[in-house]
Amino acid sequence: MAYDDLRDWIKTLEQHGELKRIREQVSPELEITEITDRVSKAGGPALLFENVKGHPGHQVFINQFGSERRMAMALGVKSLDEIANRITGLLNIKAPEGFLDKLKMLPQLGELTSAFPKTVTAKNAPCKQVIRRDNFDLNYFPILKCWPHDGGRFITLPCVVTRDPRTGKRNIGMYRMQVYDGQSTGMHWQRQKVAAEHYREAIRQAAAAASNANPLTARVAAMAESAGGACAFPDSPQGGLPQIALGNLRGSRLEVAVAIGTDPATTFAAIVPAPPEVEEYLIAGFLRGSPVEIVQCETVDLQVPAHAEIVLEGYVELGELRDEGPFGDHTGFYTLADQYPVFHLTCITHRRNPIYAATIVGAPPMEDAWMGKAVERIFLPAMRMQIPEIVDIHLPVEAVFHNLMLVSIRKSYPGQARKVMNAIWSLGQAMFTKIIIVVDEDCDVQNIPEVVLRVANNIDPERDIQFTLGPIDSLDHASRLPNYGSKMGIDATRKWQAEGFTRPWPAMIEMDRATKARIDALWPKLEL
Ligand SMILES: Cc1cc2nc3c(=O)[nH]c(=O)nc-3n(C[C@H](O)[C@H](O)[C@H](O)COP(=O)(O)O)c2cc1C
Ligand SMILES: [Mn+2]
């Protein structure tokens, strides 16, 4: 079932006892965080703050995905495995062999058609009930300051829309935005994310256009600079760096639109680590089982969800970077200030009495733990397509998504655990996984005590732990360099002779079935 918009979703939550309205006055600075944190940690409901200090008439909606049940409800299913099964069904489509086969495929074809977004006119787009082209001010909205040492107030649940300058393909990513003033914010797309690549591509194109020098060298120089300038750069054939300073590109822009308070499937689509080529409107449409309605922006050539509560339109100026952060992050630590692009607003549109949707992150578990769980379940079938020996995976919430992945595999050849690690480190955003633990298929990776028992017993550390180097999540504060460092794989599978292990491997202890059955029958009499 698809929710029309955020309000429809809020109504459903309320009908199911999953929403609490808070009428007491609270401040958007720290107080909403403290309340939401306590509620999150206790597995409590979604919250609608109706009396936000300094913002009369405005509501803050938070913790919408904050439990397994709500995460499933958000996607219109009883359990997340339902979605995984739909995806498996699609991935397993075989060429139909006759009329009946074709008929059987109709529902799946229907699923695919409903995935395509539908363009509506401004008149039918509630996000345009109020259009503010001048005199707009972000401070109008009850944007949260989340933690005491945060650099300011941050928009924490934005769906950021950009377009690939090469292909024209749209992307939606969730990248937090620090409010600098009423008309500008930070744009925290980390460099491995899709919008960051759109930004670099815009720089490459602008640099090539602006340069009299060899366009290729100019582009490389501009890229190196846009990468923060901190990297060593090989001398160009002309000797020294060609002087296509990013300053020369000032004035060139990449357009950006931001939707806040979308229907839950669209919000979720903005966080899923889909392949860059897959547009998130398609993912949201597939998850909802009905097309996302989109509408043309007023001042930029981008389309946004027509039912969004708030839309911010604007651009980032190529080459303009500014300190962003610190920000109390989902790692449980503050991410320190770093340089990111600046988003300049050209227009704000919103619904009448817009509901401001937010989330807070911090020491887990928080709301995003359940979004991560959904990603884990939904992506398993796609992962199995590429790494078929995978039986199950688990990203324990305490390790915040990418720091630890537990993987069980059906091992059929020597060295397979290491093959699986390398495959995961090569798979989209799974490249960020800092520690991978591989166990045999008979170990339930959802059961952490069982995994710990296997790892502690099954490894000869020097033999079974492997290190590698590669890209690291920008939020990692321990890696030797920002964005670059080491990862560890632990092969906790049973070792084979073919892997050089010549000692006998003992069986795990288990009672035989007959004895179990006899004791089952006797059990009530024992009164234990
Ligand atoms: C609440 C929340 C906040 C996030 N904030 C950021 C962020 O500030 N920067 C970032 O690069 N990714 C952030 N992410 C992760 C991205 O949304 C995620 O990697 C997504 O897949 C990116 O989309 P893309 O692949 O289209 O770039 C956040 C995720 C969540 C759930
Ligand atoms: Mn994407």
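Refer to the structure above for everything that follows.
The following paragraphs examine the structure supplied in this document. (Residues numbered from 1 in each chain as written. Chains lettered and ligands numbered in written order. Predicted model: local features only at pLDDT ≥ 70, side-chain atom pairs only at ≥ 80, totals over all residues. Heavy atoms only, no water.)

**Focus on the overall build of the protein chain**
- If you tally the helices and strands in the protein chain, you get 14 helices and 23 strands.
- Taking 528 residues into account, the globule formula puts the C-alpha radius of gyration at 24 Å, and the protein chain, at 25 Å, falls close to it.
- Expressed as lengths along the three principal axes of its C-alpha atoms, the size of the protein chain is roughly 80 × 65 × 60 Å.
- Counting only residues that meet the buried cut, the protein chain has 52% of its 528 residues in that class.
- Long-range contacts, defined here as pairs at least 24 residues apart, represent 70% of the contacts in the protein chain between residues at least 6 apart.
- Accessible surface, the protein chain as shown: approximately 24500 Å² in total, 55% of it carbon and sulfur.
- Taking the average place of the 57 positive charges on the side chains of the protein chain and the average place of its 64 negative ones, the gap between the two points comes to 3 Å. (Helix = DSSP H or I, 4+ residues; strand = E, 2+ residues; numbered from the N terminus. Rg over C-alpha atoms; globule rule 2.2 N^0.38 Å. Buried < 20%, exposed > 50% of the residue type's maximum accessible area, 1.4 Å probe, protein only. Contact = heavy atoms within 4.5 Å. Areas by Shrake-Rupley, 256 points an atom, 1.4 Å probe, with all protein chains shown as cover. Lys, Arg positive; Asp, Glu negative; His and termini not counted. Charge placed at Lys NZ, Arg CZ, Asp CG, Glu CD.)

**Observations concerning the packing of aromatic side chains**
- Applying the stated criterion across every chain yields a total of six aromatic pairs.
- Pairing Tyr 175 with Trp 189 gives two aromatic rings, centres 6.1 Å apart and planes at 90 degrees, and the pair type is edge-to-face. Remark: Trp 189 occurs in the loop between strand S10 (184-186) and helix H6 (194-210) and Tyr 175 occurs in the loop between strand S8 (170-173) and strand S9 (177-181); sequence separation between them is 14 residues.
- Residue classification places Tyr 175 among the buried positions, given a relative accessible area of 6%.
- Between Trp 189 and Tyr 199 the ring centres are 6.0 Å apart and the planes differ by 50 degrees, which places this aromatic pair in the tilted class. Of this pair, Trp 189 sits in the loop between S10 and H6 while Tyr 199 is found in helix H6, placing the two residues ten residues apart along the sequence. (Phe/Tyr/Trp six-rings, centres within 6.5 Å; stacked < 30°, edge-to-face > 60°.)

**Brief notes about the environment of Leu 13**
- Among the structural elements, Leu 13 can be located in helix H1 (residues 6-15).
- The exposure class of Leu 13 is buried, given its relative accessible area of 0%.
- Measuring from C-alpha to C-alpha, the distance between Leu 13 and Ile 472 comes to 37 Å, with 459 residues separating the pair along the chain.
- Beyond its immediate stretch of four places on either side in the chain, Leu 13 contacts Glu 18, Leu 19, Ala 46, Phe 61, Arg 70 and Met 73.

**Regarding helix H2 (residues 31-41)**
- Burial in H2 covers these residues: Ile 32, Thr 33, Thr 36, Asp 37, Val 39 and Ser 40.
- As for H2, its buried residues are in contact with strand S2 (46-49), strand S3 (59-62) and helix H10 (367-386).
- Trailing H2 by a residue or two, Gly 43 shows a phi angle of about 70 degrees, which is positive.

**Let's talk about a nonpolar patch on the surface**
- On the surface, a nonpolar cluster with roughly 610 Å² of combined accessible area is contributed by Phe 99, Leu 100, Leu 103, Leu 106, Leu 109 and Leu 112.
- Within the secondary structure, Leu 103 is located in helix H5 (residues 99-113). (Patch = residues over 30% accessible without salt bridge, like charges linked within 9 Å, V, L, I, M, F, W, Y side chains within 5 Å. Salt bridge = Lys/Arg side-chain N within 4 Å of Asp/Glu carboxyl O.)

**Remarks on the sheet that holds strand S12 (residues 293-296)**
- Overall, mixed pairing links the three strands, which are arranged S4-S12-S13 in an open sheet. Across the chains shown, the open sheet's two edge strands, defined by having one partner strand only, are strand S4 (118-119) and strand S13 (303-305).
- In this structure, S12 lies alongside S13, joined through three bridges in antiparallel fashion. Bridging from a neighbouring strand, Val 295 pairs with Val 304 of S13. (Pairing = 2+ DSSP bridges.)

**Points about the site of ligand 1**
- Taken together, 19 residues surround ligand 1, and among them Asn 171, Met 174, Tyr 175, His 188 and Gln 429 come closest.
- At a separation of 2.9 Å, an oxygen atom of ligand 1 approaches a polar side-chain atom of Asn 171.
- The contact in question runs from an oxygen atom of ligand 1 to an N or O atom on the backbone of Val 194, over 2.9 Å.
- For ligand 1, the accessible surface in isolation is 640 Å², of which the surrounding protein chains cover 89%.
- Class assignment for the residues of the shell around ligand 1 results in ten nonpolar, six polar and three charged. (Near = heavy atom within 4 Å. Polar contact = N/O pair within 3.5 Å; in protein donor to acceptor, adjacent residues only side chain to side chain. Nonpolar A, V, L, I, M, F, W, Y, C, P; charged D, E, K, R; others polar.)

**Some remarks on empty space enclosed by the protein**
- Under the counting rule described, the total for this entry stands at one cavity of 30 Å³ or more.
- Lining of the largest cavity is provided by Asp 4, Thr 262, Asp 263, Arg 288, Val 292, Glu 293, Pro 305, Ala 306, His 307 and Ala 308.
- For the lining of the largest cavity, a count of residues per class yields four nonpolar, two polar and four charged. (1 Å grid on protein atoms, 1.4 Å probe; cavity = no way out; pocket = protein on both sides within 12 Å on 5 of 7 lines; lining within 4 Å. Points joined across faces, edges and corners; volume = space filled by probe spheres on them.)

**A look at the pattern of salt bridges**
- For the structure shown, the criterion picks out 36 salt bridges.
- Residue Arg 166 pairs with Glu 201 through a salt bridge whose shortest N-O separation is 3.8 Å. Of this pair, Arg 166 sits in the loop between strand S7 (158-163) and S8 while Glu 201 sits in helix H6, and the two are 35 residues apart along the sequence.
- Relative accessible area serves as the criterion here: at 8%, Glu 201 is assigned to the buried category.
- One salt bridge in this structure joins Arg 204 and Glu 197, with 3.1 Å as the shortest N-O distance.

**Structural notes on the side chain of Ser 114**
- Looking at where Ser 114 falls in the secondary structure, it is placed in the loop between H5 and S4.
- Excluding residues that lie within four positions of it along the chain, Ser 114 makes contacts with Gly 285, Gly 289, Ser 290 and Pro 291.

**Considerations on H1**
- Among the residues making up H1, those that are buried are Leu 6, Asp 8, Trp 9, Ile 10, Thr 12 and Leu 13.
- Summarising the contacts, the buried residues of H1 are in contact with strand S1 (19-22), S2, S3, helix H3 (68-74), helix H8 (264-269) and strand S18 (355-358).
- Regarding H1, its N-cap is Asp 5, as a side-chain oxygen of that residue lies 3.2 Å from the backbone nitrogen of Arg 7 further along.

**Considering the sheet that holds strand S19 (residues 390-394)**
- Pairing is mixed across the open sheet formed by five strands, whose spatial order is S19-S20-S21-S23-S22. Of all strands in the sheet, those bounded by a partner on one side alone are S19 and strand S22 (465-471). In this sheet, adjacent strand axes meet at a mean angle of 20 degrees when their direction is disregarded.
- Examined bridge by bridge, strand S21 (residues 435-440) and strand S23 (residues 484-491) share four bridges and lie parallel to one another. Considered in S23, the bridge of Val 438 is made with Asp 491. (Axes fitted to C-alpha atoms, helices over the stretch in contact; angles between N-to-C directions.)

**Side note on the coordination of the manganese ion (ligand 2)**
- Donor atoms from the polypeptide that coordinate the manganese ion (ligand 2) comprise Asn 171 (OD1) and Glu 280 (OE), at 2.0 to 2.1 Å from the metal. Here Glu 280 lies in helix H9 (residues 280-288) and Asn 171 lies in strand S8, a separation of 109 residues in the sequence. Here Asn 171 and Glu 280 have matching classes, each one buried. (Donors = N, O, S within 2.8 Å, 3.2 Å for Na, K, Ca; no water.)

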